[in-house]
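Fold and geometry: a report
As a plain string of letters, each chain reads:
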Amino acid sequence: MGIYIKIIWAYLKIGLFGFGGGYAMLSLIQREIVDSGWITSQMFTDIVAISQMTPGPIGINSATYIGYALTGSIFGSVLATATVVAPPFVLILYTGHFIRRHKDSPIIKSIFKGLRPVVVGLIASAALLLMNAENFGSDNNMLLKTVPICIGSFLIVYFTKIHPIFVIILSAIVGLLIF
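Below, the structure is looked at part by part. Note that this is a predicted model, so its numbers are computed, not measured. (Residues numbered from 1 in each chain as written. Predicted model: local features only at pLDDT ≥ 70, side-chain atom pairs only at ≥ 80, totals over all residues. Heavy atoms only, no water.)

Next up on the list: a nonpolar patch on the surface. On the surface, a cluster of nonpolar side chains totalling about 730 Å² of accessible area is made up of Ile162, Ile165, Phe166, Ile168, Ile169, Ile173 and Leu177. With respect to the secondary-structure elements, isoleucine 173 resides in helix 9 (residues 164-178). (Patch = residues over 30% accessible without salt bridge, like charges linked within 9 Å, V, L, I, M, F, W, Y side chains within 5 Å. Areas by Shrake-Rupley, 256 points an atom, 1.4 Å probe, with all protein chains shown as cover. Salt bridge = Lys/Arg side-chain N within 4 Å of Asp/Glu carboxyl O. Helix = DSSP H or I, 4+ residues; strand = E, 2+ residues; numbered from the N terminus.)

If you want it as structure tokens, here you go:
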């Protein structure tokens, strides 16, 4: 029973303070789940990769997987998922009407203006969090192979009209050839 209480507490915090979507939640998930010793950094990286490939938000997908991995039960999976979804759902339900009614208010506009850099910072934190040995390798040879793929993918998407799906497929092919 103790693990379920810990899951509820961890995912309540993640759900309450995970502004900016799933990628912004990653640093919170890492702090609550990996730093607590529940899963390894390698497992976290794998969960993020799987969550990106499956349909749905990354925060919810990772909660579903981690809940199952920690408890070995579907109940743990559903509990983690429901707990991460409940706080934002209640907050949006409560504040949505208020925000819609006062959307032209200078105070509301200032609040959202202040939240934008926070969300960008959280997403940047997630990017830095994923720049680890599990993703880029611990030796310099591996790093010299993976960083150009990353930079090249970014440049192609940023400077061309090529669809990101094609860039992902191209990166996968390049990765297969190099590794």
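This paragraph deals with the nonpolar core. What tends to happen in soluble globular proteins is that the nonpolar side chains get buried as a cluster. Grouped together as the largest cluster of nonpolar side chains are 20 residues, with contacts concentrated most on Tyr11, Leu26, Ile29, Ile33, Ile39, Phe44 and Ile66. At the level of elements, helix 1 (2-17), helix 2 (22-34), helix 3 (41-53), helix 4 (58-71) and helix 5 (74-101) are the ones that each hand at least two residues to this core. Looking at this core element by element, the count peaks at five residues for helix 2. When near neighbours in sequence (up to four residues on either side) are disregarded, phenylalanine 44 contacts Leu26, Ile29, Gln30, Val34, Ile39 and Leu129. (Core = buried A, V, L, I, M, F, W, Y, C linked by side-chain atoms within 4.5 Å. Buried < 20%, exposed > 50% of the residue type's maximum accessible area, 1.4 Å probe, protein only. Contact = heavy atoms within 4.5 Å.)

A few words now on the pattern of salt bridges. Between side chains of opposite charge, pairing is possible as soon as their charged atoms come close. Going through the model one piece at a time under the given rule, you end up with one salt bridge. One salt bridge in this structure joins lysine 13 and glutamate 32, with 3.1 Å as the shortest N-O distance. One end of the pair, lysine 13, is in helix 1; the other, glutamate 32, is in helix 2, and 19 residues separate them in sequence.

Everything listed here is a matter of coordinates, which is why it stays silent on function.
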